[in-house]
Every structure is written in C-alpha cells, then in structure tokens.
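Structure assessment
Below are the chains, spelled out letter by letter.
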Amino acid sequence: MGMMASKTQAAKPKVGFYGFTGCAGDLLAILHCENELLDIFNAVDVRSFLMASSEVHDDEELDISFLEGSITTDHQLESLADIRKRSKILVAIGSCACFGGPQAARLGYGDWKERFKKVYGAVKHTVAKPFESHPVDEYVKVDYHIPGCPIDRYQFFFALTRLAQGMSVELTTFPVCSECKWNENECLLLNAQLCLGPVTAGGCDSRCPSHNLPCIGCWGPAAEANVASEIDLLKERNFSSEEIVSKLRLFGGAAMVRRFADLLGIKAEEPARKPRPKKVREPIVAGKAKKRASTKKPKAKSRTKKR
Amino acid sequence: MSLNRIKIESLARVEGHGGITVDFKDGELSKVTVDIHEGPRLLETIAQGRVPSEVVSLTCRICAICTLSHRYAALRAMEKALEIEVPPKVRLMRDLMHCGEMIESHALHVFLLALPDYLGYPSAVHMAPEYLEDVQAGLRVKRFGVRLMELTAARSIHGENPVIGGFGRYPSKSELLRFKYEAESLIPDAERGVEILRNLRQPTYMEEGMTFMCTKPEHDRYGWVADRILVSNGQEFNAWDYHKLTNERVVPHSMAKRSRFQDKPYFVGALARFNLLGERLDGVAGEHFRRCYNLSWIRNPMYNNVAQAIETVWALEEAPRIIDKLLTHEEDPAIVAPSRDKGAGSAAVEAPRGTLYHHYEIAEGRVVHTDIITPTAQFLDMMESHIRVAAKNLTDEGDTDNIELKLEMVARAYDPCISCATHLVKVRGL
C-alpha cells in the first residue's frame, strides 16, 4: 500500500511535521495559513502532521522534516533520533527548536533539578524521564534553522518552496534594526528603552518597534549582531548588566550562552555544552538496552548515512 | 477474547503529548488514566527574578492557542499587584482581542477538529470534497479570528501589543469599522457549525453528572472576564481565592497538574459557561442556545462542541458592539505606569477551553512568585472520569468496535489544550 501511494506521489517530496516541548505555536502558525493550507498539502506529500490530521505514517523515509519545540525528555530524544534517521533534510522551526526556547532561559546555571522539584515536588514521574531544555542541534545535525516565536509564515513558505524544489534556503542574517529602519520607525533606544532590535534576527518585520514597543528578542540572536556594542550602549543608558542579560537570555537562551557567554559574563555554562554524555544517555541505558543502538549517537549515525 | 488494555498512545499535541490507558483486570475495568507526557518547561520558575513585562511575554507563551487569554490574565493580575487602573478604551481593546481568540480557537476546534469525527473523516482536508462549503465557512470564520488578533495584538500568536497599562498602538477608525462589518457578515457562516452539530445525534455512552465552574461577569451580562467565580452548586468565590477551587496536586502519570473542587472532578469551558450563564445570552446566539439546550447538557460533555459553536456566533455579535463603544473613545490613552513596585495580584479569565488563573507576587520591581492554573489541568480529572464511564458502558455492552475512536471523541469534546491535538490520535493495538 505504501508503495502504491509513493508511486502516485512520486514527484512530490515527502514531508513530516513534528512537535516537541513548547507551545505548539510554530505548527499552529502553519495552520493559520487558511488561504494557503490546501496548496501546501497539494505541493508536498504530507506524511505526518498530527495537529492537522489523524492519518500518520511514522515509519517512512522523509525528504524534509520540520521540527518545532525543544528536547526535554528521554522519549523525545529517541523520537528525534528516529526522525533524523528517516529525514534527508531536517529543519528546526521556531525559537524553541533553534535555541531551546524560554524554557532554556536558565540553561547553564545548573539549578534545573532544584527547579523541577520546586514545581513537581517529590513525585516520581512514570511517563518519561525529563531533563533541562536543549535545542535540537545539540543532539542531531540540523540542516536549516527557521527562528521566530512563533515563525513567520512567509519565511516558512519561502523555505518550504525552495526545499521542495531541491534548492537551499538562506534566511535573513540582518537584525530587526534593519527592518525597523525600512519601516521608518523612531529609534526606541534613543528614547532610552531597552530594545533588543540591534542583536535580534530580523524577519518579523520589526513588529514590536512598529507598535512603539521595544524588541524583546523573541527571534533569537542575529548572525550579524554586534552584541558587544549593544551591551555597551545599554549600559550607557543606565541599564544594569543583570537586566540586559535577563532579556538576552529569555528567548535566545542556549544560543546566547553558546555565542556570547564571555560578553554576558556567564560562567557556569558547562552543562549546556555537553548534556549528551551524562544527562541523556543515562536514562536510555538504564531503560531498554535494545534501543541503545539506535539512539546512542544520533549525530554520528545520520552522518554515516549521508555518506 | 477479553480486553486487557486499551492504549491510545498519543493524543498527539497542541499543548503537548498525552495518551489514554484503560486497564482491565479479570474482564473488569480497573484503571483509567489520561497520561500527559508533555515535556516540562518550568516556566513558573523561569519567571522568578524577572521584571513584570518580561514575565507577561513569557507566560503568554505557555500556549499558542490561548496566548491572548494567558496575556489577558497576566496583565490583569500584574495590574492588580502594581495598582494600575487602565482607562475604558484599554479594557474594550482587550475584550475585542479576546473575541478574536475565542472565534479562532472555537472555529478551529468545531470545524477542523471535532466535525471530522462526527462525519467519519481523519481530518478537515479529507472532509473537504464532501463538505466543501462547510469547511470553507469554518476557515473563513477562523481566518477572521486570526486577523482580529493580528489587528489588536500585532500578531495572531504571541502578539506583544497588549502590555501592562495599555497598548503600544491602537487600530484606526476605518480598520475598526471594516472589522465590524466583516464580523456581522460572518454570522451565517458560524451558524452553519451550530446547525450541523444540532442535527447530529450526540453519543451518550459517557454520560455522568458534573460540577461546572466559570467566571461570573457583572450586570447580568454574558462575558469572559470577572473577579467572581460561579460554581454549579450555587457557591461563589473571589478569583483570588482560586486555591479553594482548584486544590492542585501532582500525579505520577502526568506532567500536567490536576485539580479538584471539594474533592470532586469538575468541568470548565464553553459547556460550563452555558450551563451557568446561558440565560444571559442575547441576540442570534441566545436564540440558538434556547433552541439547542436540553437536560443532557449537564451530563454529556459532547455538548461542549455545540456550546463552542454557539459561543462563536456570540463572539461575532459581541465584537461589533465592542467596536461601536471603542469608536466613542477618540483619544489613544498613553500606557499607564505602575504606582508601586510591589504587591500581589490574581486574575481569572475564560480561555476558550475554560477558566484560567494567573497569580503574581512582586517585590522591588521583580516577580518573586508565579502561579498559573490552566483549564486543561483543571478538567483532566473530569475527562478521565468520563472516559472511565465510556469505557465501562461500551465494554459492558460488548460495543468494542472502534472503541478507541469513541474514547478519543470524549477527550476531544473537552478541547483540551493537549488536544487541539486530539485529532491526531494514534492508536496502538489492544
């Protein structure tokens, strides 16, 4: 049956949509494309999109998979490794998948267990083994990152269209500031507001500054950002380091720690860099020995496969 | 062959991963659990030590579908804590954005997630060839809700325009008028959902009496924001006494906490609102309510779908009324600054799927304590109870064909946030 289906759909790339820990906003943003939704389903062969259909094929090879959400349990990690194995191209969508999301805002402080206990008490969960939120690319190779909280539908269309035709995707590398200038907004930094526009990835059409509100950094760090200069500027405006770091970490979490730890004065970020050996393998080894082979080194596996 | 276990592996997603497990022992139903495996986010602890505005941006991201309800609840709680009184135009704008969310969320659930169940399709896309006009009507209503959120909140998901003390920017008169006329023109489309559901036979295999709870707006008006909470046993509480209503606890099979009222499960959502306040509905929605309402509504969660369909009509009638009032306020008020940097505040608003509570404590300008109780976390016990009754009745009668689907339909009727998902349920063999 599967073969027949693939014969009739031969020309269309097979696509899967998956969600991990987050608010489901990136997949919902796709469902919010009422006018284009049927076109999407016509242009590609959607094999899995739980939010839209109960018809799911989760054992097939995929041309492209889109993943939203960060990784926070052992089950998710297994599932991620499986999706990577089955996908030619893997795209992380949304700030949670790309940077760990707001739930990774304290990544690297090493107090996750304490905080977990604070929320859930001493109850032993039987459903899954949870751990601190990490972005997808800390576990498997990610081919493209589409940031946003949530993603912008036009960037998504652009990426889907290009990828479906076998082309590569290049998203904006400039910060929100550029879009803000194009929209001819008055600069909020000049008005002494703590705006993250200069260091946040563009693509949202400078939504907040266009509404007279400072950028909160929800698209994560911009490739071309001059973070050092932004921090200096904000300090000149009498914002404390603490305030600045708090804002930068809220949505840029893991990526901010990774890229700008020195500038941000963050020291205890060791666990963020290597969560895999300790935190993640343990539960799997302790669980099913059989599954170990398939999940132990998702990264290495997918690489070998590509060759 | 007798059943040992019914396992619905993943009630897929929206607010995360959940499933249903029904266990039998010696042919008797022994245990029913709604398992929530959603990954933990610990956002309440992420909020600690942050300034109030950051926390509002953070907590609205708990959910993409109820994002504006979260934001509304957060803003009201923060403003109580910081002693901010917002001008009438701000309150009207918030009520308008809230209409947008109700319309979007209900249209999505009624037309795209619940109807395919009743009509026997895996999705609305599959339903489209046979029911094209209905699917298109549903999409038009949903699209309007999305656009109304974009207009008022700057974005349909995690819009940042509503802030503590007001709005960054207000829509123009002509924009408001255009939305008013469009809302009015969409009422017949929304009524289509009511008509279809009204003419379908509602299954009864899960029926069981329930306790209902919702916010009670002032002046005998129908609405979704209030400081009083009404319970179907006649009791009333202040929203800041939400602890007396919700009694949260943690269970091992769920990452979502559970609530009970006086040690019993309860129902929150459109059905609760209609059972408690339905008499207050006016206009076209009021007519539909009076035509559809019957005594099964107090026992059968499936009627939540009908209640949502009618509430969508009400929201499309309410939005133009709010716009008319908004147009009488010409000046765009500046954002109101807080009068102090410490305090505590709780607020309740009705999210599309039930009462949502936010509570914050602030000291020296920083949030030191956060407590958020979502509708889905409140009604999980009630949902589990209805699924138990359904599983028992169906297996007692030997009616086990498609039993997974029948159980999923009960879960779906609740429109749980883990469920917008629900369509999406993957069933593993018995």
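None of these values were measured; they are calculated from a predicted model. (Residues numbered from 1 in each chain as written. Chains lettered and ligands numbered in written order. Predicted model: local features only at pLDDT ≥ 70, side-chain atom pairs only at ≥ 80, totals over all residues. Heavy atoms only, no water.)

Description of the nonpolar core
- A:Phe66, B:Trp297 and B:Leu407 are the most contacted members of the largest nonpolar core, which has 200 residues in total.
- Top contributing element to this core by residue count: helix α4 (residues 88-119) of chain B, with 17 residues.
- Here this core spans two domains, and each of domain 1 (14-165) and domain 2 (176-263) of chain A adds at least three residues to it.
- In this view, B:Trp297 contacts B:Met210, B:Phe212, B:Leu271, B:Phe274, B:Asn275, B:Phe289, B:Cys292, B:Tyr303, B:Val306, B:Ala307 and B:Ile310; residues no more than four positions away in its chain are not counted.
- Formed by 19 residues, the second largest nonpolar core is a distinct cluster that contains A:Leu77, A:Leu90, A:Ala97 and A:Val140. (Core = buried A, V, L, I, M, F, W, Y, C linked by side-chain atoms within 4.5 Å. Buried < 20%, exposed > 50% of the residue type's maximum accessible area, 1.4 Å probe, protein only. Helix = DSSP H or I, 4+ residues; strand = E, 2+ residues; numbered from the N terminus. Domains from an automatic or database assignment. Contact = heavy atoms within 4.5 Å.)

A look at the UniProt feature "binding site: Fe cation" (unreviewed entry) in chain B
- Sequence positions flagged by UniProt for "binding site: Fe cation" (unreviewed entry) are, in local numbering, B:Cys66 and B:Cys420.
- If sequence neighbours within four positions are ignored, B:Cys66 has contacts with B:Glu101, B:Ala351, B:Arg353 and B:Cys417. (UniProt positions renumbered as here; feature names shortened; annotations may be inferred.)

Observations concerning the packing of helix α6 (residues 132-153) of chain B against helix α7 (residues 173-199) of chain B
Residues and elements named next belong to chain B.
- Where α6 meets α7, the axes come as close as 9 Å, and the angle between the chain directions of the two elements is 145°. Where α6 crosses over α7, the handedness of that crossing is left-handed. Two secondary-structure elements touch here, α6 through Glu133, Asp134, Ala137, Arg140, Val141, Phe144, Arg147, Leu148 and Leu151 and α7 through Glu175, Leu176, Phe179, Glu182, Ala183, Leu186, Asp189, Ala190, Arg192 and Ile196. (Axes fitted to C-alpha atoms, helices over the stretch in contact; angles between N-to-C directions. Left-handed = near helix turned anticlockwise from the far one by under 90°.)

Focus on the packing of helix α9 (residues 227-236) of chain A against helix α10 (residues 241-264) of chain A
All names here are of chain A.
- Relative orientation of the contacting elements α9 and α10 amounts to 160°, with a least axis distance of 12 Å. With respect to their mutual orientation, α9 and α10 come out roughly antiparallel. Note that α9 runs across α10; the crossing there is left-handed. Residues Val227, Ala228, Ile231, Leu234 and Lys235 of α9 touch α10, and the partners they reach there are Ser241, Ile244, Leu248, Phe260, Leu263 and Leu264.
- Residue composition of the contact of α9 with α10, by class: nine nonpolar, one polar and one charged. (Parallel < 35°, antiparallel > 145°, perpendicular 65-115°, else oblique. Nonpolar A, V, L, I, M, F, W, Y, C, P; charged D, E, K, R; others polar.)

A short note on the domain arrangement of chain A
Residue and element names in this part refer to chain A.
- What the domain assignment reports for chain A is domain 1 (14-165) and domain 2 (176-263).
- Between domain 1 and domain 2, the C-alpha centre-to-centre distance is 25 Å.
- Taken together, the contacts link 18 residues of domain 1 with 16 residues of domain 2.
- In this assembly, domain 1 packs against domain 2 so that about 1,300 Å² is buried in total across both faces, 54% of it on carbon and sulfur atoms.
- Taken as a group, Phe99, Ala105 and Cys149 account for 36% of the area that domain 1 buries against domain 2, more than any other trio of residues on that side. (Buried area = accessible area lost by both parts, 1.4 Å probe.)

Section: the UniProt feature "binding site: Mg(2+)" (unreviewed entry) in chain B
Residues and elements named next belong to chain B.
- Those places that UniProt annotates as "binding site: Mg(2+)" (unreviewed entry) correspond, in this numbering, to Glu44, Ile372 and His423.
- Checked against the element boundaries, Glu44 lands in helix α1 (residues 43-47).
- Dropping the residues within four chain positions of it, Glu44 is found in contact with Thr370, Asp371 and Ile372.

Considering the packing of aromatic side chains
- If you walk through the whole model with that rule in mind, you get 24 aromatic pairs over all chains.
- Between the aromatic rings of A:Tyr154 and A:Phe157, the centroid separation amounts to 6.3 Å while the plane-to-plane angle is 75°, which identifies the pairing as edge-to-face. Here A:Tyr154 pairs with A:Phe157, and both are found in helix α7 (residues 153-164), just three residues apart, close to one helical turn.
- An aromatic cluster is built from B:Tyr222, B:Trp224, B:Phe274, B:Phe289, B:Tyr293, B:Trp297, B:Tyr303 and B:Trp314, whose rings are joined through pairwise contacts. (Phe/Tyr/Trp six-rings, centres within 6.5 Å; stacked < 30°, edge-to-face > 60°.)

Here we look at the sheet that holds strand β10 (residues 354-363) of chain B
Residues and elements named next belong to chain B.
- Taken together, three strands build an open sheet; the order of strands is β9-β10-β11 and the sheet is antiparallel. What marks the edges here is a single partner per strand, and that holds for β9 (343-351) and β11 (366-373). With strand direction ignored, the average angle separating the axes of adjacent strands in the sheet is 15°.
- Bridge analysis of β9 against β10 gives nine bridges, and the strand direction is antiparallel. Paired with Ala348 across the strands is Tyr357, a residue of β10. (Pairing = 2+ DSSP bridges.)

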